[in-house]
Amino acid sequence: NKINVIAFSMGGLVMRRHVQLFGSEGFGKIIIIGTPNNGISGDVATLCPVVGGEQRECEDMYEGSLFLQKLNRDEIPENLYNIYGTGCDMVGGKGDGIVLGESAKLDTKNNFVINGTCRGKFQPMHLDLLKIEMYPEVYETILNILE
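Residues numbered from 1 in each chain as written. Predicted model: local features only at pLDDT ≥ 70, side-chain atom pairs only at ≥ 80, totals over all residues. Heavy atoms only, no water.

Enquirer: Help me understand the pattern of salt bridges in this model?
Expert: When their charged atoms lie close together, side chains carrying opposite charge are able to pair. The full count for this structure, using the stated rule, is four salt bridges. We note a salt bridge from Arg119 to Asp128, for which the minimum N-O separation is 2.9 Å. Since its relative accessible area comes to 1%, Asp128 is described here as buried. Residue Asp128 pairs with Lys131 through a salt bridge whose shortest N-O separation is 3.3 Å. Each of Arg119, Asp128 and Lys131 takes part in salt bridges that share partners, so that together they form one network. (Salt bridge = Lys/Arg side-chain N within 4 Å of Asp/Glu carboxyl O. Buried < 20%, exposed > 50% of the residue type's maximum accessible area, 1.4 Å probe, protein only.)

What follows is the structure, given as structure tokens:
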């Protein structure tokens, strides 16, 4: 028997690292949502230690960090599915207000882009991706993946 996992934001990085260290054979589908697969930058990186977490956790998520270099050197497992948002104007391009779209995207065919908007600087799409009433397509994408 295999389990399916859904992980959000930094939880997606944690799940990817687990799979990198221990393999993905015990998992059915691994779905990550809003994960900064290639790092955070700009204001988000600056504010991370203040509002987002411990200093070391934030440093691991910085674009170009040693942690992300190690994480991204291996091939992406075929049972990993990546859902991310875009549509918010951010320094460096479009994203979900926290993670740039290009930073979330993985080198896999299993990328699913959700187009939307930020409701404000302190109400990013990143958090709204988890709200079914705002982004039912995230839920529908998860259901389609799990079928």
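Enquirer: Would you mind going over the side chain of Asn110 with me for this structure?
Expert: Structurally, the position occupied by Asn110 is in the loop between α5 (101–104) and β6 (111–115). With residues up to four places along the chain from it excluded, the contact list for Asn110 reads Glu78, Leu80, Tyr81 and Asn82. (Helix = DSSP H or I, 4+ residues; strand = E, 2+ residues; numbered from the N terminus. Contact = heavy atoms within 4.5 Å.)

Enquirer: Just to check I follow, could you spell out helix α1 (residues 10–22) for this structure?
Expert: Note that an α-helix has 3.6 residues per turn; residues three or four places apart therefore point the same way. With 13 residues, α1 extends 18 Å between its outermost C-alpha atoms, agreeing within 8% with the 18 Å of an ideal straight helix rising 1.5 Å per residue. Among the residues making up α1, those that are buried are Gly12, Leu13, Met15, Arg16 and Val19. Burial along α1 is one-sided: seen end-on, the buried residues are contained in an arc of 165 degrees. Among the exposed residues of α1, those pointing more than 90 degrees away from its buried face are Val14 and Phe22. (Expected span 1.5 Å × (residues − 1). Arc of directions from axis to C-beta.)

Enquirer: Please clarify how the pairing of strand β2 (residues 27–33) should be interpreted in this entry.
Expert: If a strand is regular, its side chains alternate between the two faces of the sheet. Among the seven residues of β2, five are classified as buried, and the element is accordingly described as predominantly covered. The pairing of strand β1 (residues 3–8) with β2 spans five bridges and is parallel. Its bridge partner being in β2, Phe8 is matched across the sheet by Ile33. As for the winding sense of the linkage, the β-α-β connection from β1 through α1 to β2 is right-handed. The pairing of β2 with strand β3 (residues 80–86) spans four bridges and is classified as parallel. Paired with Ile32 across the bridge in β3 is Asn82. (Pairing = 2+ DSSP bridges. Right-handed = clockwise from strand over helix to strand, strands pointing away.)

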